[in-house]
Each structure stands twice: as structure tokens, then as C-alpha cells.
Amino acid sequence: MTITTGTEAPELAGLPLLGSMFDLKNDSLGTFLRARREHGDVVRITAGPPGMRSVVYGVFSADGAQQVLAGESANFRKDNHFYQEVRESFGNGLLTSQDEDYLRQRRLVQPLFTRRRVDGYASAVAAEVTTLTGEWKDGAGTVDVLQEMARLALRAVARILFGTDVDAAVEIVERSFPELGAYVLRRGYSPVNVPRDWPTPGNRKAAAVHQALYEVCDRIIAQRRVSDRGPDEGDDLLTLLAEAESAEDGSFDATELREQVLVFLLAGHETTATSLGFALHLLALHPEAQKRAHEEVDRVLGGRDPGAADLDALPYVTQVLKEAMRLFPAAPVIGRRAVAATRIGGVTIPAGADVIVAPWVTHRHPDYWEDAERFDPDRFTPEAEAARPRYAWFPFGGGPRACIGQHFSMLESVIALAMILQRYGFEAVDTEVPVAPAITLQATGPARCRLTPRTA
């Protein structure tokens, strides 16, 4: 595709020599919001000194996000520097792979994420929620709901992925993922990095973390191979991954299995934890919405644990989660690199340009969301959703690379939130929770809530 005409993107004002480097470093999400507010839906943002300057095009409209992620997805690839760092740290799994590697992996994994298969994991989620809420039962107390939901989501995905080997995996992941994520973040946003095999303190520490993760994954993978499977095993996702094969695509070898496992652990717990934690935080700040959610849960469940069949009967709980994902999307910024020049919203995007679409910004766009910072689950009634553009809300990405675990995340989130609301009321201690983007959205402060035990 040859682009011969088009409007040049407006540029966000910054410092004469460094551009927006410090703005992005100190508050990248706020900087992207300001870029859209001051310059519109496609904005050029530069950062860094001459000779080391990076340029990124921010695309903030729903139509622009759809063009990048779906309509012209083949032209916008995961070839940028940040994805390369994620790829080197977490492997070439579904999150980071491309081209035939990605298509082959997707074909092998897709049968494991059918609605029927995913619905079968509801009891495992409920068991982990029962364990967590049982630890709160000694009376009213205060908990950081983001930390608690991270613990819950990690244990749930580890149980579904590994079956009985939960504790060993959880211990390693809890210790290793934050360190590895910080390492990826430092390298991903640095214009120049030393090679990973240089013996710097940071590289040595990251290598030790890698080794610990690899060892636990490899050990469990070896135990889950079909020939080693015991009579009570076989329903965990890892066993199914190890068995996945087709005449066209073959099967996963041990290295590929390890890379899928690491990606599932990362994407499968951090995204759900963010949604659940902020849903509880927002309900704690809005007693009327919390009361309405309590009433729905009590009416539908009558004190029993929910299952997959109850999801459609809990529309308000679902709306609460969707609104939490609007205000606090787990993937606040999604990066791509343009292969060929194209136009978005009448603005030229040159070949080779780094491009971001930003749920954090689009989810607050005044063209789609009135009083966008206000928490209002009724934005997600069926009628309200039908009236908005498809990509006004895209916490799971979109197009051919949309999150394969979307239904699992919603199943886990609705079941967990409903069960927690059955048992407790919440009152906010921290009214503001600062956040920053990393591999996923991270809170940089606590989200403490007082618990009040309740009975349905």
C-alpha cells in the first residue's frame, strides 16, 4: 500500500532537546490522556535526546483501535522493542509469537478454551475463593483487596494449569514474576541496553529468576507427560497442552510447553486480579452499587456457590466487572509497529513507526463515555453496549490476536466476585489508588478495605 497524501500527525509539546521523555517516565498514562485532549485521536509523541530519540504514534479513537487491531492487523505487528524484551523473558508463547508460530500455537491451544471446557473450571475457582474467604472469617478486619485478589487469581490459574502442584508453582511465581517484570520494564523502555549475557548485577539476578521459573515448569511438565500420568490426573490444562496435537501442527515440545505455561501464568492471573481487585475497591467506594450487587447475588444464589450456568443470571455483577475493566484495564497500552505506511483518521502513519492503542485513553474518550471518570455499571446494560462502537471498550484486545482466555477470565471473575459478595461487605480505607503501566497495569499504592462479614 503506497501512501501519497495525508495529514501529518500533530506532535505533543515537550522539552526542546528531550521531548516528552520525563512526562512519559513520570506519568505515561496521564501523558497519553493529555495528548488526546490537546491534539485529538492520532498524536505523535517524541522522547529522548537527538540520536537516541524514540517516536510513537498514539491512536486513541475506537475506529483507530479497530483499524490497528482488526481491520489492518497484518500491517501492525508485535515487532517493537518492548515485545522483544517480553519475548526474551517469558518465551515465544501466544502473547509474543507471530506469523506461522502464532497460528500453529493458536490452533493447538484453541480447543482447550472452548466455552464447554472453560465452564468445567468453575468448581476449581470456587474452591480457591472458599479457601481465601475462610482465611478472612475470624471477624471484621482490613485487607488490601488488590493483593488478596492477586493471591486468589494466581492460585486459581495454577490449580487449573497444574492440578495438584499448586503450592510449588505459586511460591516460585510470587517471588519471581515481580522481579522479572521489573527487569523487562527497565529494558523495554530504555533506548540502549547491554546484552543480556553480560554479567551485570541486574542480568545475573534476572538469570537466576529465569532458572527458578524454568526448573519448576520443567519439573511439572515432566510429571504431566501422558506416560507419567497417574489415575487421578488428566483434567489440568497442562496435561491437555501436553496432549494437544494435530496432523497439520504436530504437538508442543518441552520448550514450547514451558513458554505457554509462563505466558498463561502471567496473563492468566495478573489480568483477572486487576479486574477483581478494582471491582471490590470501586464497590467499596460506592455503597449503593455494592448494595445492588449484594441483592442480586443473594436473590440468584440463595447462599449456594455459583457455577458456570449462573453467569447469565448475574448481569449486574458482570456490569460491575466490565466497568472496573473500563476504568482500570489490565492492559492499559498495547503496542504495535507499522509494516507499511497507512492512514488512520486522515493522518499518515509512516512505515516502521511504533504505534500504540490505549484502552486507558479510549475507555475515557468523551465521544463514547459521558463523565468518563464516574463509576457507573449501568454503562454496560445490553442496550448501552449496543449503542457504542465495538472498540470503545477493549480490555481483552481485539481482532485475530484477541485474548484467547477472555471467557475464562470473565467466568473466574464473576464467580469469585459473587462468592466474595455473598460473604462480605466492603468499606474503602484508601479512596485513591495510584497506578502505573508495566507488563500489565500495576497499583503503586494499597487498596485497603474494611471487611464486614454478612449472611445471605
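Residues numbered from 1 in each chain as written. Predicted model: local features only at pLDDT ≥ 70, side-chain atom pairs only at ≥ 80, totals over all residues. Heavy atoms only, no water.

Description of the overall build of the protein
- Helix and strand counts for the protein stand at 16 helices and 14 strands.
- Projecting the C-alpha coordinates of the protein onto the three principal axes gives extents of approximately 65 × 55 × 45 Å.
- Residue pairs at least 24 apart in sequence account for 72% of intrachain contacts in the protein once pairs closer than 6 positions are excluded.
- Total accessible area on the protein stands at roughly 19800 Å², and carbon and sulfur atoms take up 52% of it. (Helix = DSSP H or I, 4+ residues; strand = E, 2+ residues; numbered from the N terminus. Contact = heavy atoms within 4.5 Å. Areas by Shrake-Rupley, 256 points an atom, 1.4 Å probe, with all protein chains shown as cover.)

A look at the side chain of T96
- Mapped onto the elements of the fold, T96 is located in the loop between α3 (81-90) and α4 (99-109).
- Residues within four places of T96 in sequence aside, it is in contact with Y83, V86, R87, G91 and R401.

Structural notes on the pattern of salt bridges
- For the structure on display, the rule yields 30 salt bridges.
- When the shortest N-O distance is used, the salt bridge between R364 and E373 registers 2.8 Å.
- Residue class for R364 comes out buried when judged on its relative accessible area of 9%.
- Judged by its relative accessible area of 54%, E373 falls in the exposed class.
- Measuring nitrogen to oxygen at the nearest pair gives 3.1 Å for the salt bridge that ties R374 to D376. (Salt bridge = Lys/Arg side-chain N within 4 Å of Asp/Glu carboxyl O. Buried < 20%, exposed > 50% of the residue type's maximum accessible area, 1.4 Å probe, protein only.)

With respect to the sheet that holds strand β11 (residues 424-428)
- The 3 strands lie next to each other as β4-β14-β11, forming an open sheet whose pairing is antiparallel. Either end of the sheet is taken by a strand with one partner, and the two such strands are β4 (142-144) and β11. This sheet shows a mean twist of 40° between the axes of neighbouring strands, independent of strand direction.
- Bridge analysis of β11 against strand β14 (residues 448-453) gives 5 bridges, and the strand direction is antiparallel. In the strand pairing of β14, G425 is matched with T452.
- Running at roughly 75° to β11, helix α11 (residues 254-285) makes contact with β11 and β14 of the sheet. (Pairing = 2+ DSSP bridges. Axes fitted to C-alpha atoms, helices over the stretch in contact; angles between N-to-C directions.)

Considerations on the packing of α11 against helix α12 (residues 287-301)
- Contact geometry for α11 and α12: axes closest at 5 Å, N-to-C directions at 115°. Here α12 runs roughly perpendicular to α11, going by the angle between their axes. Counted together, L283, A284 and L285 of α11 and P287, A289 and Q290 of α12 form the full contact between these two elements.
- Classifying every residue of the contact of α11 with α12 gives 5 nonpolar, 1 polar and no charged. (Parallel < 35°, antiparallel > 145°, perpendicular 65-115°, else oblique. Nonpolar A, V, L, I, M, F, W, Y, C, P; charged D, E, K, R; others polar.)

Considering the sheet that holds strand β3 (residues 76-77)
- In space, the 5 strands of this open sheet follow the order β1-β2-β10-β7-β3, with mixed pairing throughout. Since the sheet does not close on itself, it has two edges, and those belong to β1 (42-47) and β3, each with one partner.
- Summarising the sheet, β3 and strand β7 (residues 334-338) pair through 2 bridges and their orientation is antiparallel. Within β7, the residue paired with R77 across the bridge is R337.
- Taken strand by strand, helix α1 (residues 21-39) contacts β1 and β10 (354-357), and its axis lies near 155° from that of β1.

Description of the nonpolar core
- F90, W136, F162, L241, L265, L417 and F426 are the most contacted members of the largest nonpolar core, which totals 130 residues.
- One finds L12, F32, I45 and F60 within the second-largest nonpolar core, a separate group that totals 10 residues. (Core = buried A, V, L, I, M, F, W, Y, C linked by side-chain atoms within 4.5 Å.)

Quick word on the environment of G268
- Position of G268 relative to the elements: it lies in helix α11.
- Judged by relative accessible area, which is 14%, G268 ranks as buried.
- Along the chain, G268 and D144 lie 124 residues apart, while their C-alpha atoms are 20 Å from each other.

Looking at the packing of helix α7 (residues 145-162) against helix α8 (residues 166-188)
- Contact geometry of α7 with α8 gives a least axis separation of 9 Å together with a crossing angle of 135°. Relative to α8, α7 is oriented oblique. When the axes of α7 and α8 are compared, the crossing they make is right-handed. For the pair α7 and α8, contact is made by R151, L154, R155, A158, R159 and F162 and by V166, D167, A169, V170, V173 and E174, respectively.
- Counted by class, the contact of α7 with α8 contains 7 nonpolar, no polar and 5 charged residues. (Left-handed = near helix turned anticlockwise from the far one by under 90°.)

Regarding unusual backbone geometry
- Located in the positive-phi region is D99, a residue other than glycine, with phi close to 55°.
- Within the secondary structure layout, D99 lies in helix α4.
- You can call D99 partly exposed: its relative accessible area is 48%.
- We note that D371 has phi near 50°; this positive angle belongs to a residue other than glycine.
- Note on placement: D371 falls in the loop between α14 (359-362) and α15 (382-386).

What about the pairing of β7?
- Burial runs high along β7: 4 of the 5 residues are buried.
- Summarising the sheet, β7 and β10 pair through 4 bridges and their orientation is antiparallel. Each residue of the ladder has a partner; that of I334, found in β10, is V357.

Some remarks on α11
- With 32 residues, α11 should reach 46 Å at 1.5 Å per residue; the first-to-last C-alpha distance of 47 Å fits that figure.
- Among the 32 residues that make up α11, 26 are buried, leaving the element largely enclosed by the rest of the structure.
- For α11, the capping residue at the N-terminal end is D253, with a side-chain oxygen 3.1 Å from the backbone nitrogen of T255. (Expected span 1.5 Å × (residues − 1). Polar contact = N/O pair within 3.5 Å; in protein donor to acceptor, adjacent residues only side chain to side chain.)

Some points on the confidence of the model for the protein
- Residue-level pLDDT values for the protein average 88, and 94% of them are 70 or greater.
- Note on residues 226-232: pLDDT under 50 across the span, and 8 contacts to partners over four residues away in sequence or across chains. (pLDDT = per-residue confidence, 0-100.)

Observations concerning the packing of aromatic side chains
- Going through the model one piece at a time under the given rule, you end up with 10 aromatic pairs.
- With a centroid separation of 6.5 Å and 80° between ring planes, the pair formed by W136 and F426 is classed as edge-to-face. With W136 in the loop between α6 (122-135) and β4 and F426 in strand β11, the pair connects residues that are 290 residues apart, well separated along the chain. Of the two residues, W136 and F426, neither departs from the other in class, the shared state being buried.
- Centre to centre, the rings of F278 and F328 are 3.9 Å apart; their planes meet at 5°, and the pair counts as stacked. Placement of F278 in helix α11 and of F328 in the loop between α13 (315-327) and β7 is noted, with a sequence separation of 50 residues between them. Taken as a pair, F278 and F328 share a single burial class, namely buried.
- An aromatic cluster is present here, built from W136, Y424 and F426 joined pairwise through their rings. (Phe/Tyr/Trp six-rings, centres within 6.5 Å; stacked < 30°, edge-to-face > 60°.)

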